[in-house]
Amino acid sequence: MGAGKSILGAALADRLGRPFVDIDDQIELEEPIARIFETGGEAAFRLREAEHTGDALAGGTPAVIALGGGAVGTDQIRKALRERAMSILVEIDPEEAWRRVGGGDRPLAQGQAAFRTLYEERLPLYEDAADARATDLEDAILAAGGVHVEPGALERLGELVPGAGPIEIVSDARVAGIYGMDVQLALGARARAVHELAPGEQAKTVESLEELWQALRLERGGTLVALGGGCTTDVAGFASATYKRGIDWVAVPTTLVGQVDAAIGGKTAIDLPGAKNLVGAFHWPVRTVIDPATLETLPSAELANGRAEVVKTGLLAGETIWELPLDEQVRRAAAFKIAVCLRDPLDRGERAQLNLGHTFAHALEAAADFALPHGRAVALGLLAALRLSGLDASVVEQTLEPEPVRVDRDAAWRALARDKKVVDGIPRLVLLDAPGRPRFDVELPAADVRAALDSLIAG
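Residues numbered from 1 in each chain as written. Predicted model: local features only at pLDDT ≥ 70, side-chain atom pairs only at ≥ 80, totals over all residues. Heavy atoms only, no water.

1. Digging into the side chain of H195
Assignment of secondary structure puts H195 in strand β7 (residues 191-197). H195 gets classed as buried once you look at its relative accessible area, which sits at 10%. What H195 contacts, discounting residues up to four positions off in sequence, is E168, I169, V170, S171, L212, A215 and L216. (Helix = DSSP H or I, 4+ residues; strand = E, 2+ residues; numbered from the N terminus. Buried < 20%, exposed > 50% of the residue type's maximum accessible area, 1.4 Å probe, protein only. Contact = heavy atoms within 4.5 Å.)

Structure, rendered in structure tokens:
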């Protein structure tokens, strides 16, 4: 009681594009809860609560459901939650909860001592039922998308990787040298093997993927853990999607790009010569574990790479996320992306907005034979997108300081023509009417798009 789950649940449903069901409100439509307690006691109320909860969980459309504080005290509800729901415990200090509801008309909030006793009695049930915990909307969104953000999370990987089967780890040599032993220790006896990939985009080749396929020894019940940057999670995720027709995987991104973008949302891919991410699959990780503490060992150039994705997210959200402390940048950007991806998991609609600046960025990367850092390319792509949108580009210029690159103009244009967002040979762009108001699938004259691309190229 008093945790704010009705308000939070409604906001979460809105962000995820799902129906919202408040069980107490459903019961009130039949009869005031206070009257039910007066005439039949708590037992009568719990019977109605169980009926409405069962109906809500049996619905065919995924929904956000707010349960009363005592609901998990009913065996029938706990069983239904385990079978049909992902449960989020909205945490609150009991004194604050009492301040909000004490002395009102709630039948079980009439005395502070009894209220505190009730809280302590229920707490083990809350903890047993909870798949995740939240204190605000961003926490709830991340939980809904299976994303766990916590400084020090690497040390808890043994708890956070779902299942009980064997695990194999995929990483590049540098990240394995820094975190590999800690991860193996955290996973304990479940960790069976470590596979190393080439650094950066060199990992995202057909040859690299084939080597990984040949090295894997997991059965269908095993889990692949991808430890590293976006290139590592891309290729490991694609290997998981295709090995034995699909096995579970867990993304553990250690770069800013990975934590705010690449490891979130289930897109996995490798590159082909002259085209980035052209071959891939949608294969959502069973969990994404983000430890912002890993950014402390990240070179400044890699932080700059990730900052471009943070700025992109801020422009889409209409919020200056890039001005927040780094840990909060990660949490807010990850929450924004996972909400969009949950609303459009297969990229058939609004998820296209996440491509802001990326049509140009991918073309420049391909023209540079993938030697151009992704963040530097995205910074340039954002510059082009803002200019084509007719908006002030000073935020990108001042925050990211993009510099034109030396690549072959014709090669970049050919690469842009092969972008995944091209339809009938025409590039479809993401532009902004204003920060927070993206437009996607925008078709512009080819001459305008070519001129915007050329403006990003030196010489």
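We are not done yet, so read on.
2. Considering the sheet that holds strand β5 (residues 147-149)
Here we have six strands laid out as an open sheet, ordered β5-β12-β9-β8-β6-β7, and parallel in their pairing. With one partner strand each, in any of the chains shown, β5 and β7 form the two edges of the open sheet. When the angles between neighbouring strand axes are averaged without regard to direction, this sheet yields 20 degrees. In terms of strand pairing, strand β6 (residues 167-172) meets β7 through six bridges, oriented parallel. (Pairing = 2+ DSSP bridges. Axes fitted to C-alpha atoms, helices over the stretch in contact; angles between N-to-C directions.)

3. Comments concerning the side chain of T254
Here T254 is to be found in the loop between β9 (248-253) and α12 (256-262). Among residues more than four places away in sequence, those in contact with T254 are V175, Y179, L227, G228, G229, Q259, T294, L295 and L298.

4. Description of the environment of A186
By the element assignment, A186 lies in helix α9 (residues 173-187). In this structure, the C-alpha to C-alpha distance between A186 and A153, residues 33 residues apart in sequence, is 9.9 Å. With sequence-adjacent residues up to four places away left out, A186 is seen in contact with L154, E155, L157 and G158.

5. A word on helix α7 (residues 137-144)
Across the eight residues of α7, seven count as buried, placing the element largely inside the fold. Buried within α7 are the following residues: L137, E138, D139, A140, I141, L142 and A143. Looking at the buried positions of α7, the neighbouring elements they touch are α1 (5-16), β3 (88-90), β4 (132-134), β5 and α14 (326-343). Put simply, D136 is the residue that caps the front of α7, since its side-chain oxygen is 3.3 Å from the backbone nitrogen of E138. Two residues or fewer past α7, G146 is found with a positive phi of approximately 70 degrees. (Polar contact = N/O pair within 3.5 Å; in protein donor to acceptor, adjacent residues only side chain to side chain.)

6. Notes on the packing of aromatic side chains
As enumerated under the stated definition, the model contains two aromatic pairs in all. Ring plane angle 35 degrees and centroid distance 5.3 Å describe the contact between F37 and F45, whose orientation is recorded as tilted. By relative accessible area, which is 16% here, F37 ends up buried. Ring centres of W98 and F115 lie 5.3 Å apart, and the angle between their planes is 55 degrees; on these two criteria the pair is classed as tilted. Placement of the pair is W98 in helix α5 (residues 94-101) and F115 in helix α6 (residues 112-129), with a sequence separation of 17 residues. (Phe/Tyr/Trp six-rings, centres within 6.5 Å; stacked < 30°, edge-to-face > 60°.)

7. Here we look at unusual backbone geometry
One non-glycine residue, F370, adopts positive backbone phi at about 65 degrees. Along the polypeptide, F370 turns up in the loop between α15 (358-367) and α16 (374-389). The backbone phi angle of E401 is positive, close to 50 degrees, even though this residue is not glycine. Mapping E401 onto the fold places it in the loop between α17 (394-400) and α18 (409-417). E401 sits in the exposed class, given a relative accessible area of 60%.

8. What about the pattern of salt bridges?
The tally for this structure, following the rule as stated, stands at 34 salt bridges. Between R331 and D136 there is a salt bridge, with its nearest N and O atoms 2.8 Å apart. Taken together, the residues span a long stretch of sequence, with R331 in helix α14 and D136 in the loop between β4 and α7 at a distance of 195 residues. On the basis of relative accessible area, D136 is assigned to the partly exposed category, the value being 23%. K276 is paired through a salt bridge with E201; the nearest N and O atoms lie 2.5 Å apart. A residue pair is termed long-range when its members are at least 10 positions apart, and K276 in strand β11 (residues 275-282) and E201 in the loop between β7 and α10 (206-215) qualify at 75 residues. Residues joined by salt bridges that share partners form a network here, namely E201, K204, D234, D271, K276 and E365. (Salt bridge = Lys/Arg side-chain N within 4 Å of Asp/Glu carboxyl O.)

9. Some thoughts on the environment of W213
Tracing the sequence through the fold places W213 in helix α10. The partly exposed category is assigned to W213, whose relative accessible area is 32%. Along the chain, W213 and A236 lie 23 residues apart, while their C-alpha atoms are 9.6 Å from each other. In this structure, W213 is in contact with A239, T242 and Y243, ignoring residues within four places of it in sequence.

10. Quick word on the nonpolar core
Formed by 84 residues in total, the largest nonpolar core has its most connected members in F360 and L364. The greatest single-element share of this core, amounting to 10 residues, is contributed by α14. With near-sequence residues (within four places) excluded, L364 lies in contact with L372, L380, V405, V407, L453, L456 and I457. (Core = buried A, V, L, I, M, F, W, Y, C linked by side-chain atoms within 4.5 Å.)

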